[in-house]
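# Summary of the model geometry
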Amino acid sequence: SLHDALPICADIFPHLEAVDLSFCFSNGGLKWEVLNTDFFKNVKRLEMAGVNVSEVKSNAILQAFNKSLAQLTLSAVHRAKSLINSTCLIPTLTELTLRDNRIRNLTGTGLEKCFQVKVLDLYYNSLSNLENVFASLKNLTSLQLGYNNFSYIPNMIHNLSMLETLNFVFNQIEKLDCFTFGNLTNLKNLYLYGNKINMVKDCVFKDLINLKSLYLGTNHISSL
């Protein structure tokens, strides 16, 4: 376990592809010393769950991995919202996980710059709507919004026509209408269990011509 220092002064891990810093530097006295960011040029996955240091120090860590990083986890990070802007500037990033960060809204975070991201995981936050920042996320194929505060499925979903997986498990969704999933013709997996849906009309899934998996358990549905 790394508590307060991680000096990297030589290219000692030339084939390193994944780094997990979760819950490191817990005392806040991080000494991040990387002589050359080329040392991490092959790292594709970075885990930073529970790393609660200053925004400046967090950005210093991210900058060390910005040459090849494809998957990033920033979960249970106190300043996660303030890091989204710099995170979205990593050109190689395709998967971003922002779980358990108490995020209520995403306006002003710079998330709209994450147009290269294909997989976005926002589980265990406090979201109740999708703002216009999602309009530019045209390349999303997977959107995970489980365990939030949604009472309905936002119309913004219609703009994400490349979606293959959509997850709204354990929210407060009560109903689905005939236009809820319009334009999502590429959707293959739809997760809606753990909500308050009490009726499913026969028109609800008419546009989902490629749907393979549908999860409706733990709702209030009495008939289909």
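My aim in this report is to walk through the structure given alongside it, one point at a time. All residue numbers here refer to positions counted from 1 along the written sequence of the relevant chain. Residue-level local features of this predicted model are given only where pLDDT is at least 70; pairs of side-chain atoms are given and counted only at 80 or more, and the full residue set underlies all totals for whole chains, interfaces and linings. Values reported for side chains reflect all heavy atoms of the structure, with hydrogen atoms and water molecules removed beforehand.

As a further point, take the state of the cysteines. When the sulfur atoms of two cysteines come within 2.5 Å, that pair is taken as a disulfide. Using the criterion set out here, one finds 2 disulfides in the structure. Put simply, Cys88 and Cys114 are joined by a disulfide, and their sulfur atoms are 1.9 Å apart. As the torsion about the S-S bond is roughly -90 degrees, the Cys88-Cys114 disulfide counts as left-handed. Pair noted here: Cys88 is in the loop between helix H2 (80-87) and strand E6 (95-97) and Cys114 is in the loop between E6 and strand E7 (119-121), with a separation of 26 residues, a long-range link. You'll find Cys88 and Cys114 in the same group, each marked buried. Residue pairing for Cys178: its cysteine sulfur links by disulfide to Cys203, the two sulfurs lying 1.8 Å apart. Judged by the sign of its S-S torsion, about -65 degrees, the cystine formed by Cys178 and Cys203 is left-handed. One end of the pair, Cys178, is in the loop between strand E9 (165-167) and strand E10 (189-191); the other, Cys203, is in the loop between E10 and strand E11 (213-215), with 25 residues separating them in the sequence. With its disulfide-bonded cysteines labelled consecutively along the sequence, the protein chain is connected as 1-2, 3-4. Strands are runs of DSSP state E lasting at least 2 residues, helices are runs of H or I lasting at least 4, and numbering of each runs from the N terminus. Relative accessible area decides the class of each residue, using a 1.4 Å probe on protein chains only: under 20% of the type maximum gives buried, over 50% gives exposed, and in between gives partly exposed.

What follows concerns the sheet that holds E9. Strands qualify as paired when DSSP identifies two bridges or more between them. Judged by pairing direction, the sheet is parallel, and its 9 strands sit side by side in the order E2-E4-E5-E6-E7-E8-E9-E10-E11 without closing on themselves. Two strands close off the open sheet at either side, each with one partner strand: strand E2 (18-20) and E11. Within this sheet the neighbouring strands show an average axis-to-axis angle of 5 degrees, counted without direction. Where strand E8 (residues 142-144) meets E9, 3 bridges bridge the pair, whose relative direction is parallel. With axes taken as lines fitted to C-alpha atoms, and helix axes fitted only over the stretch in contact, angles between N-to-C directions fall between 0 and 180 degrees.

With that settled, the discussion passes to the layout of surface pockets. Definitions used for this entry: grid spacing 1 Å over protein atoms alone; cavity, a set of points where a 1.4 Å probe fits but cannot get out; pocket, an open set with protein on both sides within 12 Å along at least 5 of 7 lines; lining residue, one with an atom within 4 Å of a point. Grid points are joined across faces, edges and corners, and a volume is the space filled by probe spheres set on the points. The computed volume of the largest pocket comes to approximately 150 Å³. For the largest pocket, the full set of lining residues is Ser151, Tyr152, Ile153, Asn155, His158, Lys175, Leu176, Asp177, Phe179 and Thr180.

So, on to the packing of helix H1 (residues 55-63) against H2. Their axes nearest at 10 Å, the elements H1 and H2 cross at an angle of 35 degrees. Crossing hand, H1 versus H2: right-handed. The residues of H2 that touch H1, namely those facing Glu55, Ser58, Asn59 and Leu62, are Ser82, Leu83, Ser86 and Thr87. Polar here means any residue other than Ala, Val, Leu, Ile, Met, Phe, Trp, Tyr, Cys and Pro, which are nonpolar, and Asp, Glu, Lys and Arg, which are charged; Gly is therefore polar. The class makeup of the residues in the contact of H1 with H2 is 2 nonpolar, 5 polar and 1 charged. Left-handed describes a crossing whose near helix is turned anticlockwise from the far helix by less than a right angle; the clockwise case is right-handed. Throughout, a contact is declared for two residues whenever any of their heavy atoms are within 4.5 Å.

Candidates for patches are residues over 30% relative accessible area with no salt bridge; among them, like charges are joined within 9 Å and nonpolar side chains (Val, Leu, Ile, Met, Phe, Trp, Tyr) within 5 Å. Here, Shrake-Rupley sampling with a 1.4 Å probe gives the accessible areas, and only protein chains in the shown set may cover a residue. In the sections that follow, a salt bridge refers to a side-chain nitrogen of Lys or Arg positioned within 4 Å of a carboxyl oxygen of Asp or Glu. On the surface, Tyr124, Tyr147 and Phe170 cluster together into a nonpolar patch covering about 260 Å² of accessible area. With respect to the element layout, Tyr124 can be found in the loop between E7 and E8.

Any Phe, Tyr or Trp ring, taking Trp's six-membered ring, that has another such ring centre within 6.5 Å forms a pair; planes under 30 degrees apart are called stacked, those over 60 apart edge-to-face, and the others tilted. According to the stated counting rule, one finds 10 aromatic pairs in the structure shown. With centroids separated by 5.7 Å and ring planes inclined at 55 degrees, the aromatic side chains of Tyr123 and Tyr147 adopt a geometry described as tilted. Note that Tyr123 is positioned in the loop between E7 and E8 and Tyr147 in the loop between E8 and E9, a separation of 24 residues in sequence. A relative accessible area of 10% means that Tyr123 is categorised as buried. The partly exposed category is assigned to Tyr147, whose relative accessible area is 32%. Grouped by ring-pair contacts, the aromatic residues Tyr123, Tyr124, Tyr147, Phe170, Tyr191, Tyr193 and Tyr215 constitute a single cluster.

Among all positions of H1, only Ser58, Asn59, Ile61 and Leu62 are buried. Looking straight down H1, one finds that the buried residues subtend no more than 155 degrees of arc, so they occupy a single side. Picture the helix axis, draw a direction to every C-beta atom, and the arc is the one those directions span.

Bringing H2 into the picture now. Every buried residue of H2 is accounted for by Ala80, Leu83, Ile84, Ser86 and Thr87. For H2, the secondary structure elements touched by its buried residues are H1, strand E5 (71-73) and E6.

Turning to the side chain of Thr165, a few remarks are in order. Counting through the fold element by element, Thr165 comes out in strand E9. Judged by its relative accessible area of 15%, Thr165 is buried. Here a polar contact means two N or O atoms within 3.5 Å. Within protein one must be a hydrogen donor candidate and the other an acceptor candidate, and residues neighboring in sequence count only if both atoms are side-chain atoms. Among the polar contacts made by the side chain of Thr165, one reaches the side chain of Asn189 at a distance of 3.1 Å. Once residues within four sequence positions are removed from consideration, Thr165 is found in contact with Thr141, Ser142, Leu143, Gln144, Leu187, Asn189 and Tyr191.

Attention now goes to the nonpolar core. Membership of the largest hydrophobic core comes to 61 residues, with the highest contact counts inside it found for Leu111, Phe134, Leu143, Leu166 and Phe181. Residue assignment for this core shows that the elements contributing at least two residues are H1 and H2. Tallying contributions element by element places H2 first for this core, with 3 residues. Nonpolar cores are built from buried Ala, Val, Leu, Ile, Met, Phe, Trp, Tyr and Cys residues. Side-chain atoms within 4.5 Å join them into one set.

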